[in-house]
Amino acid sequence: MVKALKDIRINPRIKIEKINNISFAVACRHCKDPLCVKSCISGALSINEGVISINEDKCVSCYTCVMICPYGAVMPTEEGVVQKCELCTKNLSGKPACVMGCPNNAIVFEERG
Amino acid sequence: MKYVIIGNSAAAVGCVEGIRSIDKGGEIIIISKESQHTYSRPLISYYLEGKTDLEKIKYRPDSFYIDNKVEVMTGREADTIDIKKKIVRLSDAEQIGYDKLLIATGSSPFVPAIKGLEDVRNKFTFMSLNDALQLEKSINESSRVLIIGAGLIGLKCAEGVFKRVNSVTVVDMADRILPNVLDNESAKMVQCWLEKKGMQFRLNDSVAQFNENSALLDSGETVEFDIAVIAIGVRPNTKLFSDFNSSAKYGILTDEMQRTEVDDIYAAGDCTVSFDISTGKIRTLALLPNAYMQGECAGINMAGGNKPYRNAIPMNSTKLFGLPIITAGSYEGEAFIDCGEGFYKKLVSKDNLLKGFILIGNVERAGIYTSLIREQVPLDSIDYGLIKEKPQLMAFSKTERIKKLGGI
């Protein structure tokens, strides 16, 4: 695994903030009133059944979403376009992998607010 | 209920989506001067650059009008509004009645009177898809392009055509590029980056006189060109409204519900003026996110909802030849600057609030800064030291973090 990832830079869709003994994970909140979707100049970001997802094909990587997301949860990538947590709807895990993999059960997946 | 929207860009789309979030059945008519499906205006430079195409430039999917039950009248122009009869008259004399009307007529390029400009055959503005398509037809690999205006429109146009032409020279009377969004130091940095890519600048200078293929500058220099692009700025399209109301001097004035002074007429987008909370002043904010959010609020309120639009600020994000630039707010106040090879950061605070910032190079999580300005978060309620270091939620109190991240 480590060997396979050699020289590949991973741009995580989740941001870990850590100072001393405080640490927490920040990922897209899938806001009901999403500023990123409203601000997207190309129409690449949209909200579908509660999940805010990105159409990489339409994104021109202007980073307007990076400018507006109050959580800092939309990330620039090496390839140019942006990426964000899409609740693992585009990969094979089916459920958010960060939730499944967190050994301390500190990340939960549930509807709130 | 019958809603009529004049315009077919971001504010109009926001209005449709706002109306439909409340009223699923009311009749919506869009009157659009342009003939295309709604497209993203800021993407026209990306089109020239080859980063989008005529399909992908569409701001909403092909099914947008059908999905939202909108009757769209393209290639039609609203001529006058009869506010007593509540009728929009089109230039072809057709009349369309409304119960609620949105004016979302946008802005137009400002073209100053420059001596000899009428003799220039290949001159363009850069605002609409048609502008971009016409410019595209005229350029070739030997074209020398002269752009008047080093603002965002001028520089994005420059980037858009750069690889397809022989040379690009940008003239601006200001002493720096992007004079409305950058300070001297960051402007120098970006200019240096663009010059390395091969772009040429003539700053502190303007065109005194055009001849067919040359421009005589105030400095005495003559610049030869094949194509001229005028990108000095935009002016709000207020005429429809000014015909019966005198308040729209620099743009249509609305309240925070996007209502104009006239009953049942709302306005949104580039044709309006906004209250900029970073300066406390009323000004034009010709920005796509602002247009969408104003339009959406207008739509919700037109349909009987109650949504004020309160936290408008100037904010821009772009990349120039791969260099990311994000700026927001105003730069009057106490500055904190951090810079180095390939990056620049300026945070400006005043009265215990973050008022503005400039980020170049590293723009990751800039939205945390933007939200501090838009939400007017008192700086003594957060750890401003951590915020200066980088945008991070760690700077907020534990209670605030739980609220933000825990949804409780």
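Residues numbered from 1 in each chain as written. Chains lettered and ligands numbered in written order. Predicted model: local features only at pLDDT ≥ 70, side-chain atom pairs only at ≥ 80, totals over all residues. Heavy atoms only, no water.

Caption draft 1: Examining the overall build of chain A more closely. Scanning chain A from N- to C-terminus turns up three helices and six strands. When the elements of chain A are put in sequence order from the N terminus, they spell out β-β-α-β-β-α-β-β-α. By principal-axis analysis of the C-alpha atoms, chain A measures approximately 40 × 40 × 30 Å. Summing over all exposed atoms, chain A offers an accessible surface of approximately 6,600 Å²; the carbon and sulfur share of this is 55%. (Helix = DSSP H or I, 4+ residues; strand = E, 2+ residues; numbered from the N terminus. Areas by Shrake-Rupley, 256 points an atom, 1.4 Å probe, with all protein chains shown as cover.)

Caption draft 2: A look at the domain arrangement of chain B. All names here are of chain B. Per the domain assignment, the segments of chain B are domain 1 (2-108 + 235-302), domain 2 (117-230) and domain 3 (322-404). The straight-line distance from the C-alpha centre of domain 1 to that of domain 2 is 30 Å. Across the boundary between the two partners, domain 1 contributes 14 residues, which contact 15 residues of domain 2. Both sides together, the interface formed by domain 1 and domain 2 hides about 1,300 Å², and carbon and sulfur atoms give 65% of it. Applying the counting rule to domain 1 against domain 2 returns six residue pairs in polar contact (both at pLDDT 80 or more). Per element, the largest residue contribution to the side of domain 1 that touches domain 2 is six residues, and it comes from helix α2 (residues 44-49). Here the residues of the side of domain 1 that touches domain 2 sort into seven nonpolar, three polar and four charged. (Domains from an automatic or database assignment. Contact = heavy atoms within 4.5 Å. Buried area = accessible area lost by both parts, 1.4 Å probe. Polar contact = N/O pair within 3.5 Å; in protein donor to acceptor, adjacent residues only side chain to side chain. Nonpolar A, V, L, I, M, F, W, Y, C, P; charged D, E, K, R; others polar.)

Caption draft 3: Representation of the pairing of strand β10 (residues 144-148) of chain B in the model. All names here are of chain B. Across the five residues that make up β10, a large majority, four, are buried. Relative to strand β11 (residues 167-172), β10 runs parallel, the two sharing five bridges. Within β11, the position partnered with Leu-146 by the bridge is Thr-169. Between the parallel pair β10 and β11, the chain is carried across by helix α5 (residues 152-162), and the sense of this crossover is right-handed. Direction of pairing for β10 relative to strand β16 (residues 227-230): parallel, over a ladder of four bridges. (Buried < 20%, exposed > 50% of the residue type's maximum accessible area, 1.4 Å probe, protein only. Pairing = 2+ DSSP bridges. Right-handed = clockwise from strand over helix to strand, strands pointing away.)

Caption draft 4: Geometry of the interface of chain A and chain B. The partner chain B presents 43 residues to the 35 residues of chain A that form the contact. Approximately 3,300 Å² of surface area, both sides summed, lies buried where chain A meets chain B, with 59% of it carried by carbon and sulfur atoms. Looking only at chain A, the three residues that lose the most surface to chain B are A:Lys38, A:Ile41 and A:Met67, adding up to 21% of its buried area. Across the pair B:Glu296 and A:Lys38 runs a salt bridge, and its minimum N-O distance is 2.7 Å. For the side of chain A that touches chain B, the elements supplying multiple residues, two or more each, are β1 (15-19), β2 (22-26), α1 (35-39) and α2 (64-68) of chain A. Residue composition of the side of chain A that touches chain B, by class: 18 nonpolar, eight polar and nine charged. (Salt bridge = Lys/Arg side-chain N within 4 Å of Asp/Glu carboxyl O.)

Caption draft 5: View of the packing of aromatic side chains. All names here are of chain B. Tallied over the entire structure, the rule returns five aromatic pairs over all chains. The interplanar angle of 75° and the centroid separation of 5.5 Å between the aromatic rings of Phe-64 and Tyr-65 together place this pair among those described as edge-to-face. Stacked on the ring of Trp-193, the Lys or Arg Lys-197 has its end atom at 4.4 Å from the ring centre. Across the ring face of Phe-110, the terminal group of Arg-235 is positioned such that the distance to the ring centre comes to 4.1 Å. (Phe/Tyr/Trp six-rings, centres within 6.5 Å; stacked < 30°, edge-to-face > 60°. Lys NZ or Arg CZ within 6 Å of the ring centre and 35° of its normal.)

Caption draft 6: The arrangement of unusual backbone geometry in detail. Positive phi, normally seen in glycine, also occurs at A:Cys88, with a value near 55°. Here A:Cys88 shows up in the loop between β6 (82-83) and α3 (97-101). The phi dihedral of B:Lys69 is positive, around 50°, even though this residue is not glycine.

Caption draft 7: Seen up close, the side chain of B:Lys346. All names here are of chain B. Relative to the elements of secondary structure, Lys-346 occurs in strand β24 (residues 343-350). Using a relative accessible area of 12% as the deciding quantity, one classes Lys-346 as buried. Polar side-chain contacts of Lys-346 include one of 3.0 Å to the side chain of Asp-183. With residues near it in sequence (within four places) discarded, Lys-346 still touches Asp-183, Ala-335, Phe-336, Ile-337, Gly-356, Phe-357 and Ile-358.

Caption draft 8: Main features of the pattern of salt bridges. The tally for this structure, following the rule as stated, stands at 33 salt bridges over all chains. One salt bridge connects B:Arg365 with A:Glu17, and the closest N-O pair in it is separated by 2.6 Å. Of the two residues, B:Arg365 is situated in the loop between β25 (353-360) and α9 (366-374) and A:Glu17 in strand β1; the pairing between them involves two chains. Relative accessible area serves as the criterion here: at 3%, B:Arg365 is assigned to the buried category. Linking B:Asp226 and B:Arg144 is a salt bridge whose minimum nitrogen-to-oxygen distance equals 2.9 Å.

Caption draft 9: Main features of the environment of A:Glu110. All names here are of chain A. Checked against the element boundaries, Glu-110 lands in the segment after α3. For Glu-110, a relative accessible area of 47% gives the class partly exposed. In the structure, Glu-110 is positioned 43 residues away from Met-67 in sequence and 27 Å away in space, judged by C-alpha atoms.

Caption draft 10: Spotlight on helix α4 (residues 129-138) of chain B. Residue and element names in this part refer to chain B. When we look at burial in α4, the residues that qualify are Leu-129, Asp-131, Ala-132 and Leu-135. Each buried residue of α4 sits inside an arc of 155° when the element is viewed along its axis, so together they form one side. Elements that come into contact with the buried residues of α4 comprise α2, β9 (123-124), α5 and β16. (Arc of directions from axis to C-beta.)

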